[in-house]
Amino acid sequence: MLKKRKFRIGSRMQARRGATVPEDTVLTQEDEANITAFTAKVGEAVELLNHEVAALTEGRFQVVGELFERKAALLKWLELRVPLVEPFLQHEAAKSRGLPERMVELQKAVSEDSAMLKRMATAAGTIVRV
């Protein structure tokens, strides 16, 4: 027997009907779960990127290879789920979980990691030419 399909629009309409203030953005349980999971994964990504930057700063270049698959999978997970949480970034549910601050941390970590990897690539290119 086939299970009855659940549509997100139906859940959202049902949640809006129960809202106390009609103009507020109403979250479904699934929206809240997505925000919670996304916030946790952003934290993981920040930690991983900071670990990679620290390792590169210390000259432990093998860490780049060791972390590559994990980093790629984590960033892909985030990329695919951005559309699920983006409409709610300014919602109280996201703010209460610290998501806006975490997103700023992620942006900073990505910038630092990218800069370190570019410097490493430039240095490797220079060594190869010499």
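Structural notes, computed from the coordinates. (Residues numbered from 1 in each chain as written. Predicted model: local features only at pLDDT ≥ 70, side-chain atom pairs only at ≥ 80, totals over all residues. Heavy atoms only, no water.)

## Examining the overall build of the protein chain
Heads up, the condition is: Helix numbering and strand numbering both begin at the N terminus, where a helix is a DSSP run of H or I of at least 4 residues and a strand a DSSP run of E of at least 2. To sort residues, take the accessible area from a 1.4 Å probe on protein chains only and compare it with the maximum for the residue type: under 20% means buried, over 50% means exposed, and anything in between is partly exposed. Here, residues are in contact when the closest pair of their heavy atoms is within 4.5 Å. The method behind every accessible area is Shrake-Rupley, applied with a 1.4 Å probe, and residues are considered shielded solely by the protein chains displayed.
Within the protein chain, the regular secondary structure consists of five helices and zero strands. Going residue by residue from the N terminus, the α and β elements of the protein chain occur as α-α-α-α-α. Here the protein chain, with 130 residues, has 28% of them falling under the buried criterion. For the protein chain, long-range pairs separated by at least 24 residues make up 70% of all intrachain contacts whose partners lie at least 6 apart in sequence. With the model as given, the accessible surface of the protein chain reaches about 9,300 Å², and the carbon-plus-sulfur share is 58%.

## Thoughts on helix H5 (residues 99-129)
The condition that has to hold: The span one expects for a helix is its residue count, reduced by one, times 1.5 Å.
The first and last C-alpha atoms of H5 sit 45 Å apart over 31 residues, in line with the 45 Å expected at 1.5 Å per residue. Next to the buried residues of H5 lie helix H2 (29-57), helix H3 (62-85) and helix H4 (92-96).

## Digging into the nonpolar core
Let me state the cut-off plainly: For the purposes of this section, nonpolar cores are sets of buried Ala, Val, Leu, Ile, Met, Phe, Trp, Tyr and Cys residues that join through side-chain atoms within 4.5 Å.
By size, the foremost hydrophobic cluster in this structure holds 20 residues, and its most contacted members are Ile35, Phe38, Val42, Leu78, Leu99 and Leu106. Looking at this core, the elements that each hand over two or more residues are H2, H3, H4 and H5. Tallying contributions element by element places H2 first for this core, with eight residues. If we skip the residues at most four places from it in the chain, Leu106 touches Val42, Ala45, Val46, Leu49 and Leu78.

## Things to note about the pattern of salt bridges
Just so we agree on the cut-off: Any carboxyl oxygen of Asp or Glu that lies within 4 Å of a side-chain nitrogen of Lys or Arg is treated as forming a salt bridge with it.
Scanning the entire structure with this criterion turns up eight salt bridges. Glu32 is the partner of Arg97 in a salt bridge, and the nearest nitrogen-oxygen pair spans 3.0 Å. With Arg97 in the loop between H4 and H5 and Glu32 in helix H2, this pair connects stretches of sequence that are 65 residues apart. Residue Glu79 pairs with Lys76 through a salt bridge whose shortest N-O separation is 3.9 Å. In this pair, Glu79 and Lys76 are both assigned in helix H3, three residues apart and thus about one turn of the helix distant. Relative accessible area serves as the criterion here: at 52%, Glu79 is assigned to the exposed category. Lys76 gets classed as partly exposed once you look at its relative accessible area, which sits at 43%. A cluster of three or more residues bridged by salt bridges with shared partners is formed by Glu52, Lys71 and Asp113.

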